[in-house]
Amino acid sequence: MSANYNNSAWFYDRLSHMVYGRALINAQVYLLQYVPAGADVLIAGGGTGWILEELTKIHLSGLQITYVEIAADMMALSKKRNIGSNKVIFINDAVENVNPDIKFDLVITPFLFDNFTEQTTQKVFNHLHNLLKPVGLWLNADFQLTGKWWQNILLRSMFLFFRMLCNIEASKLPDIDKQFELNGYKVIIEKAFFSDFIISRVYQKL
Ligand SMILES: C[S@@+](CC[C@H](N)C(=O)[O-])C[C@H]1O[C@@H](n2cnc3c(N)ncnc32)[C@H](O)[C@@H]1O
């Protein structure tokens, strides 16, 4: 059975704010400056959808966004967001099942891969890789371990909590860097947050 974030939809943002302050938001907002005007954008695992409002603050119109979120309750909250005059197609499904007619200029995966085992990571990565145009950008934010003792404790607590509540399959962080490396992506820019526990990177497909 796959992860089900429905149970956490109503308190997810508050919980994340309680534990991380604005770090999870800042890590994603930092990336959004790299979204070009007029782009075809794919957002996978957008949660409650606040990212749509942050994107709208930068581009009030002109974006064509495909917003894919597997949890129906998360999706319901996302649909209420202010999207300005941008066009958003909302798809309530697992992103690996979505086969749009177009290829995208830019893909955003905000704290998506930390849910997955290595096997699912590879499957989802390959799917998104095929949906991104050559020289397209991929904005990824996620947790990383840089050797600080508390990071492991926090990470384990999160996995335990979300496994019990939302049935996530992961029990350790997948090696997402490896997927980008194997597929020849170039890191354009990166920034760490929350004492390096969070990393935001802009990758370019070559
Ligand atoms: C850790 S939460 C992050 C939510 C949001 N990006 C944020 O930072 O607030 C992961 C989100 O990805 C969604 N998700 C998990 N697996 C997915 C999949 N295969 N396709 C699309 N969404 C997925 C979950 O329902 C959840 O909303």
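What comes next is a walk through the structure. This structure is a prediction, so every number in the text was calculated from the model and none was measured. (Residues numbered from 1 in each chain as written. Predicted model: local features only at pLDDT ≥ 70, side-chain atom pairs only at ≥ 80, totals over all residues.)

**Points about the overall build of the protein**
At step 1: A count of helices and strands for the protein gives seven helices and seven strands.
At step 2: Mapped in sequence order, the helices and strands of the protein form the string α-α-β-α-β-α-β-β-α-β-α-α-β-β.
At step 3: For the protein, the C-alpha radius of gyration of 16 Å lies close to 17 Å, the compact-globule estimate for 206 residues.
At step 4: If you line up the protein on its principal axes, its C-alpha atoms span 45 × 35 × 30 Å.
At step 5: Residues classed as buried in the protein amount to 34% of the 206 residues present.
At step 6: Looking at the protein alone, contacts between residues at least 24 apart form 73% of all its contacts between residues at least 6 apart. (Helix = DSSP H or I, 4+ residues; strand = E, 2+ residues; numbered from the N terminus. Rg over C-alpha atoms; globule rule 2.2 N^0.38 Å. Buried ≥ 20, exposed ≤ 12 C-beta atoms within 10 Å, placed from the backbone. Contact = placed C-beta atoms within 7 Å.)

**Examining the site of the ligand**
At step 1: The full set close to the ligand counts 19 residues, and Tyr 5, Gly 45, Gly 47, Ala 71 and Pro 110 are the nearest of them.
At step 2: Considering only residue class, the shell around the ligand consists of 13 nonpolar, four polar and two charged. (Near = placed C-beta within 6 Å. Nonpolar A, V, L, I, M, F, W, Y, C, P; charged D, E, K, R; others polar.)

**A closer look at the sheet that holds strand 2 (residues 61-68)**
At step 1: Taken together, seven strands build an open sheet; the order of strands is 3-2-1-4-5-7-6 and the sheet is mixed. Edge positions in the open sheet fall to strand 3 (85-91) and strand 6 (186-193), since each of these has one partner strand only. For this sheet, the mean angle separating the axes of adjacent strands, direction not counted, is 15 degrees.
At step 2: Bridge analysis of strand 5 (residues 132-143) against strand 7 (residues 198-204) gives seven bridges, and the strand direction is antiparallel. Each bridged residue has a counterpart across the sheet, and for Leu 137 the counterpart in strand 7 is Gln 204.
At step 3: Across the sheet, helix 2 (residues 23-32) touches strand 4 (104-110), strand 5, strand 6 and strand 7, and the angle it forms with strand 7 is around 15 degrees. (Pairing = 2+ DSSP bridges. Axes fitted to C-alpha atoms, helices over the stretch in contact; angles between N-to-C directions.)

**Describing the packing of helix 2 against helix 3 (residues 50-58)**
At step 1: Direction vectors running N to C along helix 2 and helix 3 enclose 35 degrees, while the axes themselves pass 10 Å from each other. You can see that helix 2 and helix 3 cross each other, and the crossing is right-handed. Of helix 3, the residues touching helix 2 (which contributes Gln 28, Val 29 and Leu 32) are Ile 51, Glu 54, Leu 55 and Ile 58.
At step 2: Broken down by class, the residue content of the contact of helix 2 with helix 3 amounts to five nonpolar, one polar and one charged. (Left-handed = near helix turned anticlockwise from the far one by under 90°.)

**Digging into the environment of Leu 145**
At step 1: For Leu 145, the location among the structural elements is in the loop between strand 5 and helix 6 (149-166).
At step 2: On the basis of neighbour counts, which here come to 12 C-beta atoms within 10 Å, the residue Leu 145 falls in the exposed class.
At step 3: For the pair Leu 145 and Phe 193, spaced 48 residues apart in the sequence, the C-alpha separation amounts to 12 Å.
At step 4: For Leu 145, the residues in contact, after removing those within four places along its chain, are Gln 151, Asn 152, Leu 155 and Leu 173.

**Overview of the nonpolar core**
At step 1: Counting residues in each nonpolar core, the largest one holds 49 residues, and the members touching the most others are Val 41, Ile 43, Ala 44, Leu 106, Val 107 and Leu 128.
At step 2: Looking at which element gives the most residues to this core, the answer is strand 5, with five residues. (Core = buried A, V, L, I, M, F, W, Y, C linked by C-beta atoms within 7 Å.)

**Brief notes about helix 3**
At step 1: For helix 3, the set of buried residues is Ile 51, Leu 52 and Leu 55. Each buried residue of helix 3 lies within a common arc of 105 degrees when the element is viewed along its axis, so the set occupies one face.
At step 2: Packing partners of the buried residues in helix 3 comprise helix 2, strand 1 (40-44), strand 2, helix 4 (72-79), strand 3 and strand 4. (Arc of directions from axis to C-beta.)

**With respect to helix 6**
At step 1: Across its 18 residues, helix 6 extends 26 Å between first and last C-alpha, which sits within 8% of the 26 Å expected from 1.5 Å per residue.
At step 2: Backbone geometry just after helix 6 places Asn 167 at a positive phi near 60 degrees. (Expected span 1.5 Å × (residues − 1).)

**Quick word on the pairing of strand 6**
At step 1: Sheet analysis places strand 6 next to strand 7, joined by seven bridges and oriented antiparallel. The partner of Ala 192 across the bridge, within strand 7, is Ile 199.
At step 2: The hairpin formed by strand 6 and strand 7 contains four residues between the paired strands, and Phe 194 there has a positive phi angle of roughly 50 degrees.

**Some thoughts on the environment of Thr 120**
At step 1: Mapped onto the elements, Thr 120 comes out in helix 5 (residues 118-131).
At step 2: Along the backbone, Thr 120 and Pro 174 are 54 residues apart, and their C-alpha atoms lie at a distance of 9.3 Å.

**Let's talk about unusual backbone geometry**
At step 1: In this structure, Phe 111 takes a positive phi of about 55 degrees despite not being glycine.
At step 2: Along the chain, Phe 111 falls in the loop between strand 4 and helix 5.
At step 3: You will see that Phe 194, though not glycine, has its phi angle at about 50 degrees, which is positive.
At step 4: Among the secondary structure elements, Phe 194 is positioned in the loop between strand 6 and strand 7.
At step 5: On the neighbour-count criterion, Phe 194 (18 C-beta atoms within 10 Å) is partly exposed.

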